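As a plain string of letters, each chain reads:
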Amino acid sequence: MTHQTESYQHTVRRTIHCCGIGLHSGAPVNLAIKPAPANNGIRFFRCDMTSGLHIQALMDKVVDTCLATTLSDNGITVSTTEHLMAALHGYGIDNADIELDGIEVPIMDGSAGPFMLLLKQTGKRKQAVLRKVLRITKEITYHDGDSLIRILPYNGFKVSGKISFNDEIIQTQRYSINLTGDRFAKEISMARTFGYVEQVEELWEKGLALGVNLSNVIAIHWDRKTVLNEEGLRFSDEFIRHKVLDLVGDLALLGCPILGHVIAHRTGHTQHLAFMQAIANATDCWELIEMNKNGNHSVLDQVISSTKTAGDMIFPFFTPQATHPAISTSPSC
């Protein structure tokens with residue numbers, strides 16, 4: 001049974017601790033993932049700041065999408081959330097409180113793998129509340145120049161990605177996955193973030209990417225034929241797998257599992273956010289449903305109410321917005 005077809009919400013079995021460095025600050029960060037009650041969702045707390053203030057991990061809290069996904073609310077900010085969010089979603093965690101003592105989620109090895117390993121070692125606990133699921137009923141499409149994302153009705157959660165580069169080491173890569181916990185862990189979670197060596201050097205000059213090194217980023221050689229990492233690539237198509245990982249992590253900010261097939265071409269965090277806003281606006285193209293107790297999503301329970309009413313009642317972040325003044329819209333991000 002996949003986490004998408006599990007009837008009930010889940011949280012982590014016990015508190016998980018880890019530490020690492022921030023990708024941009026280079027500063028050490030301590031992180032804890034704590035159990036949380038049903039209907040809590042994922043919340044971020046900055047324990048180095050005022051106690052009790054938090055950010056709900058939802059798309060309307062995104063304030064920057066350049067280089068990473070950054071959330072902000074209540075005067076606190078957390079950056080580089082996408083890999084941890086992907087791991088939580090991939091493992092089927094609906095509710096958790098995340099505490100960290102810095103502005104960035106630690107980059108670990110540049111993938112979601114270390115988070116996934118910790119989650120699997122700890123385990124999850126079923127909660128006595130049924131899941132709410134966003135089921136796509138009609139196609140929704142978002143265009144941004146050469147970037148394209150669309151979602152189709154599908155009896156499960158499937159993600160298909162495509163990237164096209166002129167570089168010999170990347171070229172055109174495609175990857176498609178029916179997302180289950182096992183497949184996410186084996187095929188997607190270990191794919192690392194990547195970048196060109198000269199881009200990293202430029203970021204260093206700007207005081208960014210201070211935590212970048214060959215243990216947490218795939219560095220593409222100046223010749224565009226090889227990587228500088230001595231161990232090479234973990235997958236021959238690790239680049240597209242990481243893009244799919246980022247997409248899964250960003251889509252988790254919708255706040256609930258999805259039943260649909262997402263198809264993305266040449267996208268990044270900025271396009272992912274705009275696509276979620278397009279979903280929120282397309283209230284005639286989705287239904288908010290509650291899982292049936294037997295866990296078989298082919299016989300999902302009744303629609304909670306009309307789609308728009310359900311969106312207003314359960315997901316207050318589903319508020320149509322043409323633009324967000326704080327969101328970076330640079331096409332290079």
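Procedures and definitions
Residues numbered from 1 in each chain as written. Predicted model: local features only at pLDDT ≥ 70, side-chain atom pairs only at ≥ 80, totals over all residues. Heavy atoms only, no water. Pairing = 2+ DSSP bridges. Helix = DSSP H or I, 4+ residues; strand = E, 2+ residues; numbered from the N terminus. Phe/Tyr/Trp six-rings, centres within 6.5 Å; stacked < 30°, edge-to-face > 60°. Buried < 20%, exposed > 50% of the residue type's maximum accessible area, 1.4 Å probe, protein only. Lys NZ or Arg CZ within 6 Å of the ring centre and 35° of its normal. Axes fitted to C-alpha atoms, helices over the stretch in contact; angles between N-to-C directions. Contact = heavy atoms within 4.5 Å. Polar contact = N/O pair within 3.5 Å; in protein donor to acceptor, adjacent residues only side chain to side chain. Expected span 1.5 Å × (residues − 1).

Undergrad: Residues and numbers for the pairing of strand β12 (residues 140–144), please.
TA: One ladder, built from five bridges, connects β12 with strand β13 (residues 147–152); its direction is antiparallel. Bridged to Ile-140 within β13 is Ile-151. Linking two consecutive strands that pair antiparallel, namely β12 and β13, is a turn of two residues; a positive phi of about 60° is found at Gly-145 within it.

Undergrad: Provide a residue-level description of the packing of aromatic side chains, including the pertinent values.
TA: The full count for this structure, using the stated rule, is two aromatic pairs. When the centroid spacing of 6.4 Å and the interplanar angle of 70° are considered together, the rings of Phe-165 and Phe-194 count as edge-to-face. Highlighted residues: Phe-165 in the loop between β14 (157–164) and β15 (172–178) and Phe-194 in strand β16 (residues 194–196), separated in sequence by 29 residues. Considering the side-chain rings of Phe-194 and Phe-239, the 4.9 Å spacing of their centres and the 85° angle between planes classify their relative orientation as edge-to-face. You can see Phe-194 sitting in strand β16 and its partner Phe-239 sitting in helix α5 (residues 238–251), a full 45 residues away along the chain. Just as Phe-194 is buried, Phe-239 falls in that class too. Taken together, Phe-165, Phe-194 and Phe-239 form an aromatic cluster joined through their ring pairs. Looking at Lys-124, its charged tip hangs above the ring of Tyr-91, at a distance of 4.9 Å from the centre.

Undergrad: I'd love a proper account of unusual backbone geometry, names of residues and values included.
TA: One non-glycine residue, Thr-80, lies in positive phi territory at about 60°. Topologically, Thr-80 is positioned in the loop between β8 (76–78) and α1 (82–91). A positive phi angle is found at Arg-224, which is not glycine, with a value near 65°. Checked against the element boundaries, Arg-224 lands in the loop between β17 (218–220) and α5. Taking the relative accessible area as the measure of exposure, Arg-224 reaches 19% and is therefore buried.

Undergrad: Requested: an account of the sheet that holds strand β3 (residues 28–35), with residues and values cited.
TA: If you walk across this open sheet you meet the five strands as β2-β3-β9-β4-β5, and the pairing is mixed. The outermost strands of the open sheet, each flanked by one partner alone, are β2 (16–21) and β5 (54–56). Averaged over all pairs of adjacent strands, the angle between their axes in this sheet comes to 20°, without regard to strand direction. Here strand β4 (residues 42–46) runs beside β5; their pairing, made up of three bridges, is antiparallel. Bridge pairing links Phe-44 to Ile-55 in β5. The sheet strands contacting α1 are β3, β4 and β9 (96–100), and the helix crosses β4 at an angle near 145°. Along the sheet, helix α2 (residues 113–122) makes contact with β2 and β3, crossing β2 at roughly 165°.

Undergrad: How would you sum up the side chain of Asp-97? Please name residues and give values.
TA: Structurally, Asp-97 can be placed in strand β9. Within the structure, the side chain of Asp-97 is placed 3.2 Å from the side chain of Asn-40, a separation counted as a polar contact. At 2.9 Å, the side chain of Asp-97 forms a polar contact with the side chain of Arg-43. Sequence-distant contacts of Asp-97, that is, excluding residues within four places in its chain, are made with Ala-32, Ile-33, Lys-34, Ala-36, Asn-40, Arg-43 and Phe-45.

Undergrad: Tell me about α5, residues and numbers included.
TA: Across its 14 residues, α5 extends 20 Å between first and last C-alpha, which sits within 8% of the 20 Å expected from 1.5 Å per residue. Across the 14 residues that make up α5, a large majority, 13, are buried.

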